[in-house]
Structures are given as structure tokens and as C-alpha cells.
Amino acid sequence: MSYKSIIVNLAVDAPPAAIVKVGIELAQRFGAHLIGLAAADVPPLVATGDGMVYEGEVMQIQRTEIEKRLAELRAEFEGLVPASITSEWGQAVCSPTRFLSVFARAADLVVTGESGDNVFRAVDLGSLALGIGRPVLVTGTKLEHVRAKTVLVAWKDTREARRAMADALPFLANANEVVVATIAAKGDDSVRDSLAHVAVYLERHGIMARTELITGEVDGEQLVTFARSIHADMIVSGAYGHSRLREWAFGGVTRTLIEESSINRFLSY
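Residues numbered from 1 in each chain as written. Predicted model: local features only at pLDDT ≥ 70, side-chain atom pairs only at ≥ 80, totals over all residues. Heavy atoms only, no water.

(A) Looking closely at the sheet that holds strand β11 (residues 234-238). Here 10 strands make up an open sheet; going across it, the order is β5-β2-β1-β6-β7-β12-β11-β8-β9-β10 and the pairing mixed. Both outer strands of the open sheet, β5 (87-93) and β10 (209-215), are each paired with one neighbouring strand and no more. Across the sheet, the mean angle from the axis of one strand to that of its neighbour is 20°, orientation sign disregarded. Relative to strand β2 (residues 33-40), helix α3 (residues 96-103) is tilted by about 155°, and along the sheet it contacts β1 (5-9), β2, β5 and β6 (109-112). Contacts between helix α7 (residues 189-204) and the sheet are confined to β9 (177-184) and β10, with β10 contributing the most and set at about 160° to the helix. (Pairing = 2+ DSSP bridges. Helix = DSSP H or I, 4+ residues; strand = E, 2+ residues; numbered from the N terminus. Axes fitted to C-alpha atoms, helices over the stretch in contact; angles between N-to-C directions. Contact = heavy atoms within 4.5 Å.)

Here it is as C-alpha cells:
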């Protein structure tokens, strides 16, 4: 298994070089076709400092500014991608999350940077991971490389975690070290059996992984702390093991990983 088509998402308000370099590196590593995408939308109403709301002309000005920025991003993407990589470009004046979700049907992997507060100008990572049916690699802030030499698989015996691990196999196969860790309030036999079965599954794919049982309440911060202790440069995790509403209301591992910007996160649902 490998990734043969990779999307790299360029945010309109962020310098594109770092994320494009990540896309290039991954396309070279896996022999993949690279698709560059960018989108932003005009808010339906534009409010001024005086509290007045304008449409029409002001919205057209904003649309023109977005189109100019998209053209700049296209030029930078095409200027950075070497001729040795097959590539294509897509852009639109529309919701970045919706645009990326539609194009994801043509890709094995989606690569994006951090989300923003303005959903008209940046992807909503939670909605993206939940809705596109493809794995999403969220790069750490300003990182130009995804080495994935030490990979932490956040394991819990759920559909989402199983899917994430299977989706991440190309990265796991290229890693120097793979650690499969689960957090449990108590280390009963069922938890240990689950970890053992995962290790055997990976071994059959030629991946020698070690397992770790972390005793305690399931907590995203604890997972990130453990990742740092083993110097992991990627965390693989299923997204939203509980309902998304509950995740956001009470914290949740997925929310912690989305907000953690110092490490690469591989999310799948």
C-alpha cells in the first residue's frame, strides 16, 4: 500500500512555502501525484466600523482580492514543484473546508497546516477529519519536513483507531520506530490482548512495533506528553471516538491533537 495521490492545502493567509515543501517531500517519497488546492470565501455580509452592513460592491472587492491571492498561491506552488513530480492545481472562491472535502475524493492523503478561526479563509480541521473519508495529515507549525521516523500510534480498540492505523501503514512501514500506546484506567487482560493483536497485525506488514500501556484516565495532554518523551515526530490517531459534540464540550483527545501545533498529526475517521 502507498499513497499515489496527495493533496496539499494552501491557506490564503499563510506563507505557502513550508506546506508545499512538505507536499513535495511526500510526493517524492511515495511516488505520488501532487494536487495543490487553495480556497477562500466572501462572508455573506460585510459590516463596517459604524455598524453598517454592505453587500454588492464591497463583496466584489473582497472577491477580487481573494482571486488575486489565489493566483499568487498558484504561481508559488507551480514555481516550487519540480518537473520530476506530476502535479495539478485547483482553486475556488468558496468555503475552504467544502472545497477540500470535494477534491479529497481524488486523493489518498490530505496534507494541511493549522486551521484558523475564520472559516471563510481557513479549513475547519474537525469538520474536515470527520467528513472527507480520507486521512488528514496536519503538519506542525512552520515544519517543512515530515520525517515520521518515530511514530506514535494512539490505540484504542475502536473503528476510528483501526481505520487510522490502516491508513497510516505507508508511514509506519518507513518509520525507524513505531510505538503503539493506549491509555486505560486499568491494565486488564482485554487491553493487553488488544495491544498484542495490533503488534501482530503490524508485524505481518513487516512493521516491528513495541507496545505501551499507560495507566490513567484517557487524556489528550497525557498522550502528547508521552509522545514528547519518546521524541515522536508524528501521532497517528482515530478522530472523534465519541460524538463530536461531546469531544468539544469535554475536551477529548481529538480536540487536544487539533490544538497541538508542535507535532505532525495523522487523523482518520
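Structure shown, so let's carry the discussion forward.
(B) Highlighting the packing of aromatic side chains. This structure, assessed with the given rule, holds 6 aromatic pairs. Judged by centre distance (5.5 Å) and plane angle (50°), the ring pair of Y3 and F171 falls under tilted. Of this pair, Y3 sits in the segment before β1 while F171 is found in helix α6 (residues 169-174), placing the two residues 168 residues apart along the sequence. Judged by relative accessible area, which is 1%, F171 ranks as buried. Taking 5.0 Å as the distance between ring centres and 55° as the angle between the ring planes, the aromatic pair formed by F99 and F103 counts as tilted. A residue pair is termed a helical-turn pair when its members lie 3 or 4 positions apart in one helix, as F99 and F103 do in helix α3 at 4 residues. Residue classification places F99 among the buried positions, given a relative accessible area of 11%. Here F103 falls in the partly exposed class, since its relative accessible area comes to 26%. (Phe/Tyr/Trp six-rings, centres within 6.5 Å; stacked < 30°, edge-to-face > 60°. Buried < 20%, exposed > 50% of the residue type's maximum accessible area, 1.4 Å probe, protein only.)

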